[in-house]
Amino acid sequence: MLSNESLHPPTFSRSNSQASVDSSTSVEEFWREIESIKESSIVGAQEEPPATPTTPTTEVKPVDEGELEAEWLQDVGLSTLVSGNEEEDGKALLSTLTRTQAAAVKKRYNTYTQTLRKKNKQPIRDVRDVFGVSESPPSDSCGHATQLDDTKEEKELPGVTKPSGPLPDDTSISSTTLSNGVQDEESSFVDLQSGSMSILEAMPHLPVHTNGSAEAEPSVPSALSDDDYLEKNIPPEAEELSFEVSYSEMVTEAPHRHKWKKPDIKKEDSALTKFIVQKTRFGWTETGDLSPEDMKKIRHLSLIELTAFFDAFGIQLKRNKTERGRGRDSGIFGVPLTVLLDNDRKKDPEVKVPLVLQKFFQKVEESGLESEGIFRLSGCTAKVKQYREELDARFNADKFRWDKMCHREAAVMLKAFFRELPTSLFPVEYIPAFITLMERGPHIKVQFQALHLMVMALPDANRDTAQALMTFFNKVIANESKNRMSLWNISTVMAPNLFFSRSKHSDYEELLLANTAAHIIRLMLKYQKILWKVPSFLITQVRRMNEATMLLKKQLPSVKKLLRRKTLEREVSSPKTSKVPQKSPSRRMSDVPEGVIRVHAPLLSKVSMAIQLNSQTKAKDILAKFQYENSRSSPECIKTQHQRLYEVGGNIGQHCLDPDAYILDVYHVNPHAEWVIKP
């Protein structure tokens, strides 16, 4: 599974390898954990039938590169390129890609079509039908950053636009642009009337920068300016981190990206860079603040962006056929997270983390946070076996007695819970790319960006569980002075349980994989507060994708003809109506004045409230206004502590707004949204 270029003699110096762990303690802990895992596996094999549901019975069959790329295209929401079906979401996604993202998609699709031709099979679509005519032959090598900067490559991607200069102030999605698909020569839009049609011929090309964000109106500051950053008190040892620009674009535009010096990594937690992420006028967006539909689009875009990010370093994000145990349909251990959550939601529809896992956290927190070596101890084997059997049989029926279990057994079973999942919590197939990235020595900032994208690309169940797990581990680390479990200790002990591979590896390969996994866990624990925040450039792309999807539906020829005929019929039958301007209003039918929003709060008021926005109006101000009005009209006022302001509809599914978000800025980005206060 590991790339050959990564397999050189291991070094354990703290300064020579970013993936290294402390040679005197961490390596010993790693091997102790491996031995513990092997011992528990042997015991389990002796007590279970020969072919248990969680044990793979066959080796993973090798698959050709074309099949892997087809799987990748489906995973990123571009199954339309494989199936040939006319899918609006796929077309909309293609229209939102940045220059580097589009290059990554084109490269994978090239490989897929070439593999089909080698098998004497005709691909559903020619690459030229998707990305336009390319004069140069496709390259089999991994696209390097210098290649992504090529302006010729940019012209070959008609689905992605990069204005040569700032867009005009009145840039908008006009009906003329949609019907003709033509702009002036400076705008590199696709001419939909030309003889060479692409898959995006009906796709409105929305003006976009290379970072994936649409041009904002000059009066709407979407972020802090350079002067604003200079005014902030940023410690000299800290570094600024931006979520507003595509990470892959930042890498390709960095002037000295190939001259990064490998930094010295020390064991101390304080040695890791402290990042300062300035909150923009839109506030933060957590992963749980967006609708499931929009988070699915975030996952698709994140995987494309992650692939483009590694491409920029000349690193192939090679995917192996996902290793899966067959899993179980009932019980606790060896059951997929999604199955556990389906069962738990019968008790609590809002649950996001398996209830049994929450119970393990609770047992350790009750009496084990100060217990020395809490995650290094193996516990009583007989008791662990007994509790496992009882949990499998009784937990879902709420008949398991948690008061019998001590924190040591809970810690042991927590590790076993993750180790026995049908697939590892984190994608182990990405480890080789991370190994190569760290060996090339980029700054911790670059490593965090790759990790951030990997987290955003995780399935909802994995991401929510991982977030809860890291929060729990930080509580353990906070008691390091008593439990002797430092960030390094936790990372090293948990690495084999959270990143595991069922393929056979040498001892060296296992250590290399575990060292890298431990470093990744270390970064997750260190940057817990910012890791789960959705990058704003991805949210911008989701907004544009939703706009494109809606516009695609409006552009159906049959619908346009029907509407035109109906309009003519109405004008003939009612001459008076012809005097009324036929242009539909840009605002909703309610004719709410510009800069005014109507907020609905079903739990606070029976009627909606019109609020005039100014440049300083924040979400928390609107919540406070409703609370004040509610307290005056009703003696039994409902507290707003757990109420949040949402933007619903328009170019977003649902977005729970940060209390510090400036609503006028959000209003300008999404003028057709509805505004709702709810829990």
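Residues numbered from 1 in each chain as written. Predicted model: local features only at pLDDT ≥ 70, side-chain atom pairs only at ≥ 80, totals over all residues. Heavy atoms only, no water.

Per an unreviewed UniProt entry, the chain goes by Rho GTPase-activating protein 28 isoform X2 and derives from Mesocricetus auratus.

Participant: Explain the overall build of the chain here, please?
Facilitator: Secondary structure summary: the chain contains 27 helices and 7 strands in total. For the chain, with 679 residues in total, the buried portion stands at 50%. A separation of at least 24 residues holds for 79% of the contacts in the chain among residues at least 6 apart in sequence. (Helix = DSSP H or I, 4+ residues; strand = E, 2+ residues; numbered from the N terminus. Buried < 20%, exposed > 50% of the residue type's maximum accessible area, 1.4 Å probe, protein only. Contact = heavy atoms within 4.5 Å.)

Participant: How should I be thinking about the sheet that holds strand E7 (residues 674-678) in this particular structure?
Facilitator: Consider a sheet: its strands pair through backbone hydrogen bonds, and that pairing is either parallel or antiparallel. In spatial order, the strands read E4-E3-E7-E5-E6; together these 5 strands make up an open sheet with mixed pairing. Both outer strands of the open sheet, strand E4 (609-612) and strand E6 (652-656), are each paired with one neighbouring strand and no more. Sheet twist, expressed as the mean angle between neighbouring strand axes with direction ignored, is 30°. In the sheet, strand E3 (residues 596-600) pairs with E4 via 4 bridges, with the strands oriented antiparallel. Residue pairing in the sheet places Val596 in a bridge with Gln612 of E4. (Pairing = 2+ DSSP bridges. Axes fitted to C-alpha atoms, helices over the stretch in contact; angles between N-to-C directions.)

Participant: How should I be thinking about the side chain of Thr96 in this particular structure?
Facilitator: Here Thr96 lies in helix H4 (residues 88-96). Given a relative accessible area of 0%, Thr96 falls into the buried group. Those residues in contact with Thr96 that lie beyond four places of it in its chain are Gln101, Leu301, Gln541, Arg544 and Met545.

Participant: Would you mind going over the pairing of E3 with me for this structure?
Facilitator: Put simply, side chains in a regular strand alternate between the two faces of the sheet. Bridge analysis of E3 against E7 gives 2 bridges, and the strand direction is parallel. Of the residues in E7, the one forming a bridge with Val599 is Trp675.

Participant: What exactly am I supposed to notice about the side chain of Glu647 here?
Facilitator: Of note, Glu647 is situated in strand E5 (residues 644-649). Within the structure, Glu647 has its side chain in polar contact with the side chain of Arg543 (distance 2.6 Å). Reaching out from Glu647, the side chain makes a polar contact with the side chain of Asn670 at a distance of 2.8 Å. Ignoring sequence-local partners within four residues, the contact set of Glu647 consists of Arg543, Ile652, Gln654, His655, Leu657, Val666, Asn670, Ala673, Glu674 and Trp675. (Polar contact = N/O pair within 3.5 Å; in protein donor to acceptor, adjacent residues only side chain to side chain.)

Participant: Explain the packing of aromatic side chains to me, please; I cannot follow it from the model alone.
Facilitator: Applying the stated criterion across every chain yields a total of 19 aromatic pairs. Here the aromatic rings of Phe310 and Phe434 are separated by 5.6 Å at their centres, their planes lie at 80°, and the arrangement is edge-to-face. Here Phe434 lies in helix H17 (residues 431-439) and Phe310 lies in helix H12 (residues 292-312), a separation of 124 residues in the sequence. Given a relative accessible area of 0%, Phe310 falls into the buried group. With a centroid separation of 6.3 Å and an interplanar angle of 90°, the aromatic rings of Tyr387 and Phe400 are classed as edge-to-face. Here Tyr387, found in helix H15 (residues 381-394), pairs with Phe400, found in the loop between H15 and helix H16 (407-419); they are 13 residues apart in sequence, far enough to count as distant. (Phe/Tyr/Trp six-rings, centres within 6.5 Å; stacked < 30°, edge-to-face > 60°.)

Participant: Just checking my understanding: could you explain the nonpolar core for this structure?
Facilitator: Among soluble globular proteins, nonpolar side chains are generally buried collectively. Ranked by size, the top nonpolar core spans 125 residues in total, and within it Phe360, Phe375, Leu391, Leu414, Phe417, Phe426 and Leu498 carry the most contacts. No other element matches helix H22 (residues 507-526), which puts 10 residues into this core. Every residue in contact with Phe426, bar those within four places of it in the chain, is listed here: Met454, Leu458, Ala466, Met470, Leu498, Phe499 and Met524. The next biggest cluster of nonpolar side chains, apart from the first, holds 20 residues, and it includes Val599, Leu604, Ala619 and Tyr667. (Core = buried A, V, L, I, M, F, W, Y, C linked by side-chain atoms within 4.5 Å.)

Participant: Help me out: how do you make sense of the environment of Gly368 in this one?
Facilitator: In this fold, Gly368 is placed in the loop between helix H14 (355-367) and H15. Those residues within four positions of Gly368 in sequence are excluded, and the remaining contacts are Lys363, Ile374 and His407.

Participant: Mind showing me how you'd approach the pattern of salt bridges here?
Facilitator: Oppositely charged side chains are able to pair whenever their charged atoms sit close together. Per the counting criterion, the structure on display carries 21 salt bridges. Two residues, Arg99 and Glu249, come together in a salt bridge whose shortest N-O distance is 3.0 Å. Taken together, the residues Arg99 in helix H5 (residues 99-118) and Glu249 in helix H11 (residues 247-253) connect sequence positions 150 residues apart. For Arg99, a relative accessible area of 6% corresponds to the buried category. Between Glu239 and Lys445 there is a salt bridge, with its nearest N and O atoms 3.9 Å apart. Here Lys445 lies in helix H18 (residues 444-456) and Glu239 lies in strand E1 (residues 238-240), a separation of 206 residues in the sequence. Among the ionic contacts, a cluster of salt bridges with common partners joins Lys279, Lys620, Asp658 and Asp660. (Salt bridge = Lys/Arg side-chain N within 4 Å of Asp/Glu carboxyl O.)

Participant: Is there a simple way to explain the packing of H16 against helix H21 (residues 487-498) in this structure?
Facilitator: When two helices pack together, their arrangement is given by the angle between the helix axes and the distance between those axes. Direction vectors running N to C along H16 and H21 enclose 40°, while the axes themselves pass 8 Å from each other. Taken together, the axes of H16 and H21 lie oblique to each other. Contact with H16, carried on its side by Leu414, Lys415, Phe418 and Arg419, involves Val493, Met494, Asn497 and Leu498 of H21 and no other residues of that element. Along the lines of polarity and charge, the residues of the contact of H16 with H21 split into 5 nonpolar, 1 polar and 2 charged. (Parallel < 35°, antiparallel > 145°, perpendicular 65-115°, else oblique. Nonpolar A, V, L, I, M, F, W, Y, C, P; charged D, E, K, R; others polar.)

Participant: How should I be thinking about helix H24 (residues 536-554) in this particular structure?
Facilitator: Spacing of three or four residues puts side chains on the same side of an α-helix, whose turn is 3.6 residues. For H24, built from 19 residues, the straight-helix expectation of 27 Å at 1.5 Å per residue is met to within 8% by its first-to-last C-alpha distance of 27 Å. The buried count for H24 comes to 14 of 19 residues, which makes it a mostly enclosed element. (Expected span 1.5 Å × (residues − 1).)

Participant: Before we go on, may I ask you to explain the environment of Thr423 in this structure?
Facilitator: Note that Thr423 resides in the loop between H16 and H17. In the structure, Thr423 is positioned 86 residues away from Leu337 in sequence and 9.5 Å away in space, judged by C-alpha atoms.

Participant: Sorry if this is basic, but what is going on with the packing of H18 against H22 here?
Facilitator: At a closest axis distance of 11 Å, the pairing of H18 and H22 adopts a crossing angle of 85°. Taken as axis vectors, H18 and H22 run roughly perpendicular relative to one another. Here Ile444, Gln447, Leu451 and Val455 of H18 lie close against H22, whose contacting residues are His519, Ile520, Leu523 and Met524. In terms of residue class, the contact of H18 with H22 is built from 6 nonpolar, 2 polar and no charged.

Participant: Got a minute to help me understand H12 in this structure?
Facilitator: With 21 residues, H12 extends 30 Å from end C-alpha to end C-alpha; this agrees with the ideal 30 Å at 1.5 Å per step. Burial analysis of H12 places 18 of its 21 residues in the buried class, which makes it a mostly covered element. Looking one or two residues past H12, Gly314 carries a phi angle of roughly 75°, positive in sign.

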